[in-house]
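# Coordinate inspection notes
Below are the chains, spelled out letter by letter.
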There are 2 protein chains.
Amino acid sequence: MQRIASQAYRLPQNQKLLLQECQIRYGILRRATFNSTMQNIDTLINARWVIPIEPDGVTLEHHSVAVHDGKIVELLASTDAAKRYRAAETIHLAQHAVIPGLINAHTHVAMSLFRGLADDLLLMDWLQKHIWPAEAKWVNPDFVRDGTELAMAEMLKSGVSCFNDMYFFPDVTARAAQDAGMRACVGLIMIDFPSAWAQNNDEYFRKGLKLHDELRNSDLVSTAFAPHAPYTVSDAPLEKIRTYADELDIPIHMHVHETAHEVEGSLKQYGKRPLARLADLGLLTPRLLAVHMTQLLADEIATLAKAGVNVLHCPSSNLKIASGFCPVHTLAQAGVNVAIGTDGAASNNNLDMLEETHIAALLAKGVSHDATAVPARLALRMATLNGAKALGLDTRVGSLTAGKAADITAIDLSDISSQPVFDAISQIIYSVSRDQVSDVWVNGKRLLASRRLTTLDESALWAKAQEWRSKIKT
Amino acid sequence: MQRIASQAYRLPQNQKLLLQECQIRYGILRRATFNSTMQNIDTLINARWVIPIEPDGVTLEHHSVAVHDGKIVELLASTDAAKRYRAAETIHLAQHAVIPGLINAHTHVAMSLFRGLADDLLLMDWLQKHIWPAEAKWVNPDFVRDGTELAMAEMLKSGVSCFNDMYFFPDVTARAAQDAGMRACVGLIMIDFPSAWAQNNDEYFRKGLKLHDELRNSDLVSTAFAPHAPYTVSDAPLEKIRTYADELDIPIHMHVHETAHEVEGSLKQYGKRPLARLADLGLLTPRLLAVHMTQLLADEIATLAKAGVNVLHCPSSNLKIASGFCPVHTLAQAGVNVAIGTDGAASNNNLDMLEETHIAALLAKGVSHDATAVPARLALRMATLNGAKALGLDTRVGSLTAGKAADITAIDLSDISSQPVFDAISQIIYSVSRDQVSDVWVNGKRLLASRRLTTLDESALWAKAQEWRSKIKT
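One structure accompanies this document, and this report is about it. (Residues numbered from 1 in each chain as written. Chains lettered and ligands numbered in written order. Predicted model: local features only at pLDDT ≥ 70, side-chain atom pairs only at ≥ 80, totals over all residues. Heavy atoms only, no water.)

## Regarding the overall build of chain A
- Each helix and strand in chain A was counted, giving 17 helices and 17 strands.
- Over its C-alpha atoms chain A spans a radius of gyration of 22 Å, differing by no more than 12% from the 23 Å that the globule rule assigns to 474 residues.
- Principal-axis analysis of the C-alpha atoms gives chain A an extent of 70 × 50 × 45 Å.
- Going through the 474 residues of chain A one by one, you find that 66% of them count as buried.
- Put simply, 73% of the contacts in chain A that link residues at least 6 apart link residues at least 24 apart.
- Accessible area of chain A: about 16200 Å², with a carbon and sulfur share of 50%.
- Once the 46 positive and 52 negative side-chain charges of chain A are each reduced to a mean point, those two points are 4 Å apart. (Helix = DSSP H or I, 4+ residues; strand = E, 2+ residues; numbered from the N terminus. Rg over C-alpha atoms; globule rule 2.2 N^0.38 Å. Buried < 20%, exposed > 50% of the residue type's maximum accessible area, 1.4 Å probe, protein only. Contact = heavy atoms within 4.5 Å. Areas by Shrake-Rupley, 256 points an atom, 1.4 Å probe, with all protein chains shown as cover. Lys, Arg positive; Asp, Glu negative; His and termini not counted. Charge placed at Lys NZ, Arg CZ, Asp CG, Glu CD.)

## Remarks on the environment of A:Thr303
- Take A:Thr303: it is sitting in helix α10 (residues 298-307).
- Remark: the alpha-carbon pair of A:Thr303 and A:Leu275, spanning 28 residues in sequence, is separated by 9.4 Å.

## Comments concerning the packing of aromatic side chains
All names here are of chain A.
- In total, this model carries 15 aromatic pairs over all chains according to the counting rule given.
- Taking the centre distance of 5.0 Å and the plane angle of 80° together, the rings of Phe205 and Tyr244 count as edge-to-face. Of this pair, Phe205 sits in helix α6 (residues 201-214) while Tyr244 sits in helix α7 (residues 235-248), placing them 39 residues apart in sequence.
- Judged by its relative accessible area of 5%, Phe205 falls in the buried class.
- Overall, Tyr244 belongs to the partly exposed group, its relative accessible area being 27%. (Phe/Tyr/Trp six-rings, centres within 6.5 Å; stacked < 30°, edge-to-face > 60°.)

## Quick word on the relation of the copies chain B and chain A
- Between chain B and chain A, which share one sequence, the superposing operator has a rotation angle of 180° and an axial displacement of 0.0 Å; the RMSD is 0.0 Å. In the structure described here, the two chain copies are related by an operation that fits a two-fold rotation axis.
- In this assembly the copies share their binding face: 100% of the residues contributing to the interface of chain B also contribute to that of chain A. (Least-squares fit on C-alpha atoms with pLDDT ≥ 70 in both.)

## Looking at the interface of chain B and chain A
- In this assembly, 65 residues from chain B lie in contact with 65 residues from chain A.
- Buried surface at the junction of chain B and chain A, both sides included, amounts to about 5500 Å², of which 58% is carbon and sulfur.
- Looking at the side of chain B facing chain A, the largest losses of area belong to B:Asp120, B:Ile416 and B:Phe422, adding up to 15% of the total buried there.
- At the surface where chain B touches chain A, the tally comes to two salt bridges.
- Its salt-bridge partner being A:Lys365, residue B:Asp120 comes within 3.1 Å of it at the nearest N-O pair.
- The tally of links from chain B across to chain A stands at 34 residue pairs in polar contact (both at pLDDT 80 or more).
- Elements with a contribution of two residues or more to the side of chain B that touches chain A: α4 (141-156), α11 (315-320), α13 (353-368), α16 (424-430) and α17 (458-473) of chain B. (Buried area = accessible area lost by both parts, 1.4 Å probe. Salt bridge = Lys/Arg side-chain N within 4 Å of Asp/Glu carboxyl O. Polar contact = N/O pair within 3.5 Å; in protein donor to acceptor, adjacent residues only side chain to side chain.)

## Details of the packing of helix α13 (residues 353-368) of chain A against α13(B)
- Taken N-terminus to C-terminus, the directions of α13(A) and α13(B) make an angle of 55°; their axes are 12 Å apart at the nearest point. Regarding the angle of α13(A) to α13(B), the classification is oblique. Our pair here, α13(A) against α13(B), has a crossing hand that is right-handed. Packed against α13(A), whose contacting residues are A:Glu355, A:His358, A:Ile359, A:Leu362 and A:Leu363, the element α13(B) presents B:Glu355, B:His358, B:Ile359, B:Leu362 and B:Leu363 at the interface. (Axes fitted to C-alpha atoms, helices over the stretch in contact; angles between N-to-C directions. Parallel < 35°, antiparallel > 145°, perpendicular 65-115°, else oblique. Left-handed = near helix turned anticlockwise from the far one by under 90°.)

## Examining the pairing of strand β16 (residues 445-449) of chain A
Residue and element names in this part refer to chain A.
- For β16, a buried count of four out of five residues is recorded, marking the element as mostly surrounded by other parts of the structure.
- In this sheet, β16 lies alongside strand β15 (residues 437-442) in antiparallel orientation, the contact comprising three bridges. Bridge pairing in β16 places Val442 opposite Lys445.
- Inspection of the sheet shows β16 paired to strand β17 (residues 452-453) by two bridges, in the antiparallel sense. (Pairing = 2+ DSSP bridges.)

Below, the structure is given as structure tokens:
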């Protein structure tokens, strides 16, 4: 049912035009009358504001999202929805904005157990003296399971429905996501060093392919190759990954141009910048999800745009580690698909995509010296549809579109700190805090219901975090 | 009672040394026994963590703050406090960190009613086409009263106990703060243009002095001269302000070097940069609170440090309006007192000092290319004691010190999104969100009690915000 019937309540002229575009695009005309037969559906969400993301810039007032069998059936005016649908469950969100579930496009979820373990250090001190020793000591399947669950609790409570991960034991992360009902893309990690997960490139590769095969039919968890970074993965495994990524039709998720140090190292070792090396290896394609990208020359931006490479922007992490500034505004203007990620909690130190998107919107203006850069509606698009596009999931999620999966987040704008509401999108990007997220659905399943997690046990997770804290701290 | 008795629970060695320093500084030795007579006090706050800010970097575990007659009587181990004090009210904050109330060092509170009215615009478009017309139409005593109350509700709920304001009708803001029991410094605004508050420099001055006189004996609301900016206030009123500020012993609160445009304009009009002009006018003293300061040369930073000028840093606003970057790390290293402000909600768009301090800590690292810049404990100091120092209130507030006013904020770190807690200060700066603020006391009065405002009526404020929205939007 590709259908949206819309009633615009005092919308400005440009939004009315966008609504018309939306109606035309989906072959829709508003109907004055409805069939007398009501349609049975699972869930009807009535909201003060519905922001579908696609078409761009539209805010529908007093609209409803009809959901059945895990999918969005229709967006329509709530007055019409009451006549058309008989829902098993009707949710009234009288002061809420409903948006597509946020997509955390880059993270290392299990590292939530290292949150705040070490801060305010130079990158190499932080890695060599704190993170790597802690990882060598603690990372195992239990750690990854508990860390993933802790992170999912935090992410769901801040409106995230889907995350793109890179870490050891991706099989454990995948199972945890499936068990919690959360959407994820798990990285089939590759690094030229042994770990508790695999001893060498061959084992990383073999285990990765096995996991990909196991998840082939999952409608919740997908996979990406995840070569860690140009400076930690040599040419041979990268070439193999490129070949297999094409064959399996999955993305390649990689830290690229994170720091000036990385670029200098590549010039010394390979005589070329990392992006040039990846180009020579045939990796600059729409499959590539290049994370961080704080060191970019003008011609590199043009190359990225031409090649269709996706950039995963992690503003908090880049600031905290003082890696540099990703030129988000220039990338977006060049047509590069930019999505937003929190990075891991060890270098952020939270997984709050609302705050991350807020910071991304602010920082883009500061860095480009242009207050019109990354306006609120583009920031929200980066945190939803652009993330889906990067992961190759934009036909399934990323916007509130009939036929897509019902991955939906509701944000309560009635909080005193959000008054007055002149523009719901502005509020979401610039004013709200994560506690205003009331509900999250994934595949139509309500994983957060009025701020209560339905598939994860908060007190059990809390207790486990205390146990890990005691162990790690000693 | 200048006394702190401390019991360190598994504190690292450097914190133990700091504790000893703290004990020595205040002439304290831990006592094994206590008097059998219990002392009656108003309030005893037992907390998991107490972060006094002074001495620097100390986190006391399982400590209590004893409060009587609006003042802090003592900080001591909770086990000792139970033996020493009989409190009319005892508050158990088993999973909370207790800090000095946050000080929002620069804002325009009444502008909260313009939150999100216009975003993502060039500064002059935003001011000339949106903010100034809206101000000309709407700013009156009712607007300022309602906007101030809305802002105070938001600030208290995010841990702020004191704000430094600059706006029209400062008398109304002062009364609203007194009525709500919130600490404030109101700016005696001066601008070379007429407004609803005053028609000319003389009237601004006369009304300002009258208000200063009325507030002379207030222990809650103080005053500062508030010449708007170098480009909007001419030499004569600035000279008069300098003379009177010395005589009345109050600060001078002013936007300075906010944008490159401002500096260029000054060079054209006066043949010198704004700071040079202010120096010639004798304004570069410890009284000056210079807001924004995104355009600074190395010699200007040295001058500021030598003169003892305070810098009020507003990172969100500077980013959102693309004004430039305040060199916070360099300023702090030079010994300049840097405090943090949210600016008004029209250009932020919230008054969340926790988020603002988080962004300040992150941005300082990015801008200075140094991940060790503005570590968490310095960021927290900027948001508390440095604000108090700028306002000339550091003998009264800004740290949890016996004899100071009981301006205290409690933050609940039990939230699942704050686990695990390796370091309470790191959590407060990098991880928490404002909803974790549970309590705020000002002068010992509990203005926020378990997230409930005790002196402001949230539903009435909400209704008023809706009324203003309807009026302003039409």
